[in-house]
Each structure stands twice: as C-alpha cells, then as structure tokens.
Amino acid sequence: LSSADNSPTLPDGIISRWDRFPLNPTGFKIFRIKVKKSEIGYFNAILEAYDHVLRVRTESIKTGILVILVASYFEEPYHKLIASLQKEHEVEFLS
C-alpha cells in the first residue's frame with residue numbers, strides 16, 4: 001500500500017514501531033540523508049541493526065530520503081558508520 005507520493009502506508013488500525021516513537025524525543029538528534037532509490041532497503045537494514053541507539057524512517061521512496069533519529073551519545077559512531085557506507089555507496093547528507 002502507498003500514498004500518492006509512493007510513501008508506504010499501513011491499513012487502518014495497524015501501526016508501525018515508528019508510529020509509537022515520539023516525533024522529537026529528548027536526547028535524540030534528527031538527521032536526513034539521501035541514498036539511491038534502489039538502496040533504500042539496504043540502508044534501512046544496516047541502520048535498523050542499531051535498534052537501541054537510532055531509528056530510521058523512509059521519508060520519500062521517490063527521492064531516496066531517509067530520516068534518522070540518533071541517540072545523542074551515539075552521534076559520533078553514527079557519523080563514522082555513514083562515512084564508512086559512503087566509501088561504497090552514494091550518500092548525501094541533507095541535515
């Protein structure tokens with residue numbers, strides 16, 4: 001299922017774990033990156049492995065934009081992780 005901009009949506013009554021996560025939680029920083037559309041799933045899988053220190057959400061499937069909430073104490077390792085991924089993949093920091 002998807003909306004007009006091809007963003008994934010869920011049927012009524014079903015919520016994702018992202019929906020239970022506060023939009024602006026204390027102690028987290030929000031980052032946005034842009035990846036190739038074909039690599040969204042790959043980046044989601046890699047980043048979701050860090051379940052207790054960050055959350056990832058696909059903002060736009062069409063443009064490959066991911067929103068990542070990172071625990072403030074994990075900010076430096078997060079940047080190292082993204083820099084490592086940049087060696088083999090196109091990643092653009094948006095914020």
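Heads up: the structure comes first, above all this text.
Residues numbered from 1 in each chain as written. Predicted model: local features only at pLDDT ≥ 70, side-chain atom pairs only at ≥ 80, totals over all residues. Heavy atoms only, no water.

### Re helix H1 (residues 40-48)
How we decide: Three exposure classes are used, based on accessible area relative to the maximum for each residue type with a 1.4 Å probe and protein chains only: buried under 20%, partly exposed in between, and exposed over 50%. Secondary structure elements are taken from DSSP: a helix is a run of H or I of four residues or more, a strand is a run of E of two residues or more, and numbering for both begins at the N terminus. Directions pointing from the helix axis toward each C-beta atom define the arc. Note on contacts: a residue pair is in contact if any heavy atoms of the two residues lie within 4.5 Å.
Residues of H1 that are buried: Ile 40, Phe 43, Asn 44 and Leu 47. Buried residues along H1 cover an arc of 100 degrees about the axis, so they all sit on one side. Buried residues along H1 sit against strand E1 (28-35), strand E2 (54-60), strand E3 (65-71), helix H2 (75-86) and strand E4 (91-93).

### Topic: the nonpolar core
The criterion, for reference: Here, nonpolar core refers to any group of buried Ala, Val, Leu, Ile, Met, Phe, Trp, Tyr and Cys residues whose side-chain atoms link them within 4.5 Å.
Of all hydrophobic cores here, the largest spans 19 residues; its most connected members are Ile 33, Ile 68 and Tyr 78. Secondary-structure elements contributing two or more residues to this core are E1, H1, E2, E3 and H2. Leave out the neighbours within four places in its chain, and Ile 68 touches Lys 29, Ile 30, Phe 31, Ile 33, Leu 47, Leu 54, Arg 55, Val 56 and Tyr 78.

### Details of the packing of aromatic side chains
Applicable threshold: Centres within 6.5 Å make a pair out of two Phe, Tyr or Trp rings, where for Trp the six-membered ring is used; the pair is then stacked when the planes are under 30 degrees apart, edge-to-face when over 60, and tilted otherwise.
All chains considered together, the criterion is met by 3 aromatic pairs. Seen from their ring centres, Tyr 50 and Phe 74 are 5.6 Å apart, and the 40 degrees between their planes marks the pair as tilted. Note that Tyr 50 is positioned in the loop between H1 and E2 and Phe 74 in the loop between E3 and H2, a separation of 24 residues in sequence. Since its relative accessible area comes to 14%, Phe 74 is described here as buried.

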